[in-house]
Amino acid sequence: MHIKTQNIFFCVTLASILFSGNLLSAEEKSAENKAPWQENTVEWLTKFTKPVSVENADATAEDEMKGYTDVITGTDITFDMVPIKGGSFIMGSSEQEQEKFAADPEILPEPFNNAAEGPKHEVKISPFWMGKCEVTWEEYEAFWMWLEKKSRETAKVEPTENDKIADAILRPTPAYSDMTFDMGREKRPAIGVSLYAAQMYCKWLSAKTGRYYRLPTEAEWEYACRAGTTTAFSFGDSLDDFEDYGWYYDNSDDKYQRVAQKKPNPWGLYDMHGNVREWCLDQFLVDGYKKQLDAADGKVLENPFSPFTKKGQRYMGVARGGSWTDDAQNCRSATRFPSSESWNQEDPQIPKSIWFDCSEKWLGFRIVRPLTTPTAEEAKIFEPDPEVAEEYIRLNPRQSVQ
């Protein structure tokens, strides 16, 4: 990773909520009367929301899955979802690949470690849809800045049941400065978003659409990135071909770029290599793959996932795909980027914001939707911990309320 410019990004530390227009009360924290952002998404998704009618979005079996364009109701904002059929693949990289494409430790210091890409191992993945592109500012700001709700209120449109749930999802507060860092906004990926904020966006999007969206696991992400290939990149092993498929240090002009400007991978996904790194749900462990294999005791791993082991833990998450600031060899299908406190070191606030990773101008995310909506119990491991926001709110009692 290279940094050619330095911009100081100050993050607001006060969290905004919308639940009866007040801060958390004892009643709201009770099990009987939680705000939707405090509840498991599947609990209210299956009881109170209704899927918005979208062509080709419905499927009950893998062979019925088609690509579809979902819509954020109340706006003209749409996003494309690509069907990813289930199957098996070899996850990770060999020692030979790690040595060939080894990162410069002065550019990517610890906790980054190429050894975390191994050992190679077989993984079985269930079918899902994945965003054709990274989540853009247009999509994210409809949530973050309440633009969809404001538009609805201006037009005097009554909220639907879906809207009522979505309106009660916790939002990040405004930032002190331009989050695009003067690199452009239109059709560009939302950046500097924390893992927690990305998860909360998925809850809001699930409410708006009536369909279950979340971030991908590492295994889902790599499976989709490889798209049936076994090479270092989805287009082969040669760095010479990278120019056609992604934005990286040598061709990005010192900034991120509009999505879908380069060639897609074989399954129709854009910018899986470069442009911005993308959040996954897993905790980063250098020996994470080995631990999973040891626990499997010789069985093929099926939909593996490494949840955070410490409640409320923020750092040592994983981002994938590389970015506009990274060298091409660090944008491989197997490359794993561990998050650390340095990702938010420019935030001067105490406590630091839970919503932004202010120093990460190369960090974004994309979404997935599993073919089979999980049960609430199954979805529990993918949920943002509401106690993180509750504690943050308690430490910031003078917050603005929407």
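As a reminder, the structure under discussion sits directly above these lines.
Note that the structure is a prediction, hence the values are computed from the model and not measured.

Trainee: Quick question: what am I supposed to make of the pairing of strand 2 (residues 78-84) here?
Mentor: Remember that side chains alternate between the two faces of the sheet whenever the strand is regular. As paired elements, strand 1 (residues 68-71) and strand 2 share four bridges and run antiparallel to each other. If you follow valine 71 over to strand 2, its bridge partner there is threonine 78. Note: strand 2 against strand 5 (residues 128-131), four bridges, orientation antiparallel. The partner of methionine 81 across the bridge, within strand 5, is glycine 131.

Trainee: In this structure, what is going on with the sheet that holds strand 6 (residues 277-283)? I would like to understand it.
Mentor: The strands that make up a sheet pair up through hydrogen bonds in the backbone, lying either parallel or antiparallel. Spatial ordering of the open sheet is given by 9-8-6-10, a layout of four strands whose pairing is mixed. Since the sheet does not close on itself, it has two edges, and those belong to strand 9 (336-338) and strand 10 (363-364), each with one partner. In this structure, strand 6 lies alongside strand 10, joined through two bridges in parallel fashion. When the sheet's bridge partners are listed, glutamate 278 is paired in strand 10 with glycine 364.

Trainee: Looking at this structure, I do not really get empty space enclosed by the protein. What am I missing?
Mentor: To find the voids left in a structure, one rolls a probe of water-molecule size over its atoms. The tally for this structure, following the rule as stated, stands at three cavities of 30 Å³ or more. One number sums up the size of the largest cavity: a volume of about 80 Å³. Forming the walls of the largest cavity are Thr41, Gln199, Cys202, Lys203, Tyr212, Tyr213, Arg214, Leu215, Leu281, Phe382, Glu383 and Pro384. Looking at the lining of the largest cavity element by element, the count peaks at three residues for helix 6 (residues 195-209). When its residues are assigned to classes, the lining of the largest cavity shows seven nonpolar, two polar and three charged.

Trainee: What should I look at first to understand helix 10 (residues 386-394) in this one?
Mentor: Working note: α-helix, 3.6 residues per turn, so residues spaced by three or four point in the same direction. Buried within helix 10 we find Ala389, Glu390, Tyr392 and Ile393. Taken end-on, helix 10 shows its buried residues confined to a sector of 165°, consistent with a single buried face. Of the surrounding secondary structure, the elements contacted by the buried residues of helix 10 are helix 6. Between the side-chain oxygen of the N-cap and the backbone nitrogen of glutamate 387 there are 3.0 Å, and the N-cap of helix 10 in question is aspartate 385.

Trainee: Honestly, the environment of valine 52 in this entry has me stumped. Any pointers?
Mentor: With respect to the secondary-structure elements, valine 52 resides in the loop between helix 1 (41-48) and strand 1. Residues valine 52 and valine 71, 19 residues apart in the sequence, show an inter-C-alpha distance of 8.3 Å. In contact with valine 52, other than residues within four places in its own chain, are Val71, Thr73, Asn162, Lys208, Thr209 and Arg211.

Trainee: What is the right way to look at the state of the cysteines in this model?
Mentor: By definition, a disulfide is the covalent link that joins the sulfur atoms of two cysteine residues. Inspection of every chain in the model, using the stated rule, returns zero disulfides. Take cysteine 225: it sits in no disulfide, and the sulfur closest to it among the cysteines is that of cysteine 331, at 10.0 Å. Cysteine 280 forms no disulfide, and the closest cysteine sulfur to it belongs to cysteine 225, at a distance of 10.0 Å. Accessibility expressed as a relative area gives 0% for cysteine 280, which makes it buried.

Trainee: How should I be thinking about the packing of aromatic side chains in this particular structure?
Mentor: A full pass over the atoms with the stated rule returns 26 aromatic pairs. Between the aromatic rings of phenylalanine 101 and phenylalanine 233, the centroid separation amounts to 6.1 Å while the plane-to-plane angle is 80°, which identifies the pairing as edge-to-face. Here phenylalanine 101 is found in the loop between helix 2 (95-100) and strand 4 (121-125), whereas its partner phenylalanine 233 is found in the loop between helix 7 (218-226) and strand 6, with 132 residues between them in sequence. Like phenylalanine 233, phenylalanine 101 is buried. Considering the side-chain rings of phenylalanine 242 and tyrosine 248, the 4.8 Å spacing of their centres and the 65° angle between planes classify their relative orientation as edge-to-face.

Trainee: Mind showing me how you'd approach the sheet that holds strand 5 here?
Mentor: Here we have four strands laid out as an open sheet, ordered 1-2-5-11, and antiparallel in their pairing. Among the strands making up the open sheet, the edge pair consists of strand 1 and strand 11 (368-370). Taken over all neighbouring pairs, the strand axes of this sheet differ in orientation by 30° on average, direction set aside.

Trainee: Just to check I follow, could you spell out the side chain of arginine 214 for this structure?
Mentor: Note on placement: arginine 214 falls in the loop between helix 6 and helix 7. With a relative accessible area of 8%, arginine 214 lands in the buried category. Side-chain polar atoms of arginine 214 contact the side chain of glutamate 220, separated by 2.9 Å. Setting aside chain neighbours within four positions, we find arginine 214 in contact with Cys202, Glu220, Leu281, Ile367, Val368, Pro370 and Phe382.

The rules we used
Residues numbered from 1 in each chain as written. Predicted model: local features only at pLDDT ≥ 70, side-chain atom pairs only at ≥ 80, totals over all residues. Heavy atoms only, no water. Pairing = 2+ DSSP bridges. Helix = DSSP H or I, 4+ residues; strand = E, 2+ residues; numbered from the N terminus. 1 Å grid on protein atoms, 1.4 Å probe; cavity = no way out; pocket = protein on both sides within 12 Å on 5 of 7 lines; lining within 4 Å. Points joined across faces, edges and corners; volume = space filled by probe spheres on them. Nonpolar A, V, L, I, M, F, W, Y, C, P; charged D, E, K, R; others polar. Buried < 20%, exposed > 50% of the residue type's maximum accessible area, 1.4 Å probe, protein only. Arc of directions from axis to C-beta. Contact = heavy atoms within 4.5 Å. Polar contact = N/O pair within 3.5 Å; in protein donor to acceptor, adjacent residues only side chain to side chain. Disulfide = S-S within 2.5 Å. Phe/Tyr/Trp six-rings, centres within 6.5 Å; stacked < 30°, edge-to-face > 60°. Axes fitted to C-alpha atoms, helices over the stretch in contact; angles between N-to-C directions.

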